[in-house]
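Per-entry structural report
Now for the letters of each chain:
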Amino acid sequence: MKQIAYFVFITLITVFPSINIMAQSLEKKLQEADVVIEGKVLSQEGFFINNKANIVTLNIIEVYKVFKGEQIKDTICLITGGGQVYYKTEYGIMSSGHSSSNYRGRIFEGTDGIFFLRFNDYYKLNEEDTPNGLQQFAIQSRTIKLAVSNQYVALEEGSYNNNYEDIVYKTLDELYEPIETFVGKAVDKRKKNRVELSKE
């Protein structure tokens, strides 16, 4: 009898240190983050860690601006909890993963915005799993996502579960100026984002 390749989805429970990614003031987000950048998620790839007990996602981020942090490269790695891992078996391509019914606040390939990061000291990947040994960071608080809209240019998505409403920024100045004031230095601008490009 021929063996038929098939696809299997397995749900894993991932347990990571508690990180406060709920509603916070912009000042508090800036204070608690080790690094604050603006950038775009170029790609995502899932990996097993802890002897395949947990899954993390490697997000490759192109850096557009650096608001806080020193010696930040043009491309960095952001490691987030959960995700999908695809692997080959004698039966075909299999998949293990951890998913959430609440997609608000999560980042995906193509997400661009301001990322509030901390140095990754828990679920660090081996250097051979990261392109050219890039810097690895973890999420400290919710990402403020950029958007080209008639009503706003950036959005911090709320949560249905705890009545945390969306936080909307109508102009980039409304977002950038408080950040520059708090950090106390000029922004390291490397590349224009899609909101800026749409206004040219």
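Chains are numbered independently. Their residues run from 1 in the order of the written sequence. The model is predicted, so local features are restricted to residues of pLDDT at least 70 and side-chain atom pairs to those at 80 or more, both for listing and for counting; the totals for chains, interfaces and linings are taken over all residues. In computing side-chain values, all of the structure's heavy atoms are included and hydrogens and water are not.

Things to note about the packing of aromatic side chains
A pair of Phe, Tyr and Trp rings is counted when the ring centres sit within 6.5 Å of each other, with Trp represented by its six-membered ring. The angle between the planes then sorts it: under 30 degrees is stacked, over 60 is edge-to-face, the rest tilted. Under the defined criterion, the tally for this structure stands at two aromatic pairs. Above the face of the Phe116 ring, Lys29 is positioned so that its terminal group lies 4.4 Å from the ring centre. Here, a charge over a ring means that NZ of Lys or CZ of Arg falls within 6 Å of the ring centre while also lying within 35 degrees of the ring normal.

Considerations on the pairing of strand S2 (residues 35–49)
Two strands pair under a simple rule: DSSP has to find at least two bridges between them. Strands here are runs of E lasting at least two residues and helices are runs of H or I lasting at least four, both read from the DSSP assignment and numbered beginning at the N terminus. Pairing geometry for S2 and strand S7 (residues 112–119), over six bridges, is antiparallel. Counterpart to Gly39 in the pairing with S7 is Gly113. Here S2 runs beside strand S3 (residues 54–68); their pairing, made up of 13 bridges, is antiparallel. When the bridges of S3 are listed, Gly39 appears paired with Val63. In textbook terms, the turn of a hairpin is the stretch between consecutive antiparallel strands, and for S2 and S3 this stretch comprises four residues, one of which, Asn50, has a positive phi near 55°.

Considerations on the pairing of strand S8 (residues 136–146)
For S8, the tally of buried residues reaches eleven of eleven residues, placing the bulk of the element in the interior. Summarising the sheet, S7 and S8 pair through six bridges and their orientation is antiparallel. By the bridge assignment, Ile114 is partnered in S8 with Ile144. As paired strands, S8 and strand S9 (residues 154–156) are joined by two bridges and run antiparallel to one another. What sits directly across from Lys145, in S9, is Leu155. Here the term buried applies to any residue with accessible area under 20% of the maximum for its type, exposed to any over 50%, and partly exposed to those in between, with areas from a 1.4 Å probe on protein chains only.

Thoughts on the confidence of the model for the chain
Keep in mind that low pLDDT regions are not for reading the predicted coordinates in detail. Mean pLDDT for the chain: 79, with 75% of residues reaching 70 or above. Scored between 0 and 100, pLDDT is the confidence that the predictor attaches to each residue. Between two residues, a contact is recorded if the distance between any of their heavy atoms is within 4.5 Å. Every residue in residues 1–23 scores below 50 in pLDDT, and together they form 62 contacts with partners more than four places removed in sequence or on other chains. With pLDDT under 50 throughout, residues 99–103 is counted as low confidence; its partners more than four residues away or in other chains account for six contacts.

With respect to helix H2 (residues 172–183)
Multiplying 1.5 Å by the residue count of a helix minus one yields the expected span of that helix. Its twelve residues give H2 an end-to-end C-alpha distance of 17 Å, which sits within 8% of 16 Å, the value for a rise of 1.5 Å per residue. Looking at H2, one finds that the buried residues are Leu172, Leu175, Tyr176 and Ile179. The buried residues of H2 occupy one face: seen down the axis, they fall within an arc of 85°. Just downstream of H2, Gly184 is the residue with a positive phi angle, here 80°. Here the arc refers to the set of directions running from the helix axis out to each C-beta atom.

Digging into the side chain of Asp112
Examined against the element boundaries, Asp112 turns out to sit in strand S7. By relative accessible area, Asp112 is classed as buried at 4%. Residues within four places of Asp112 in sequence aside, it is in contact with Gly39, Lys40, Ile144, Lys145, Leu146 and Arg194.

Considerations on the nonpolar core
Here, the term nonpolar core denotes a set of buried Ala, Val, Leu, Ile, Met, Phe, Trp, Tyr and Cys residues that are joined through side-chain atoms within 4.5 Å. With 18 residues, the main nonpolar core has Ile114, Phe116, Ile144 and Leu175 as its most contacted residues. At four residues, H2 tops the list of elements feeding residues into this core. Beyond its immediate stretch of four places on either side in the chain, Ile114 contacts Val36, Ile37, Glu38, Phe67, Thr143, Ile144, Leu175, Tyr176 and Ile179. Val35, Ile76, Leu117 and Phe137 belong to the second-largest nonpolar core, a separate cluster that totals 14 residues.

Regarding the pattern of salt bridges
Note on definitions: salt bridges are taken to be side-chain nitrogens of Lys or Arg within 4 Å of carboxyl oxygens of Asp or Glu. Counted by the stated rule, this structure contains eleven salt bridges. Linking Glu38 and Lys65 is a salt bridge whose minimum nitrogen-to-oxygen distance equals 2.8 Å. Separated by 27 residues along the polypeptide, Glu38 in strand S2 and Lys65 in strand S3 bring together distant segments of the chain. With relative accessibility at 0%, the residue Glu38 sits in the buried group. Look at Lys65 and you get buried, because its relative accessible area is 1%. With a closest N to O distance of 2.3 Å, Lys192 and Glu200 form a salt bridge. Exposure remark for Lys192: the relative accessible area of 45% places this residue in the partly exposed category. In the salt-bridge network here, residues are joined through shared partners; they are Glu38, Lys65 and Glu196.

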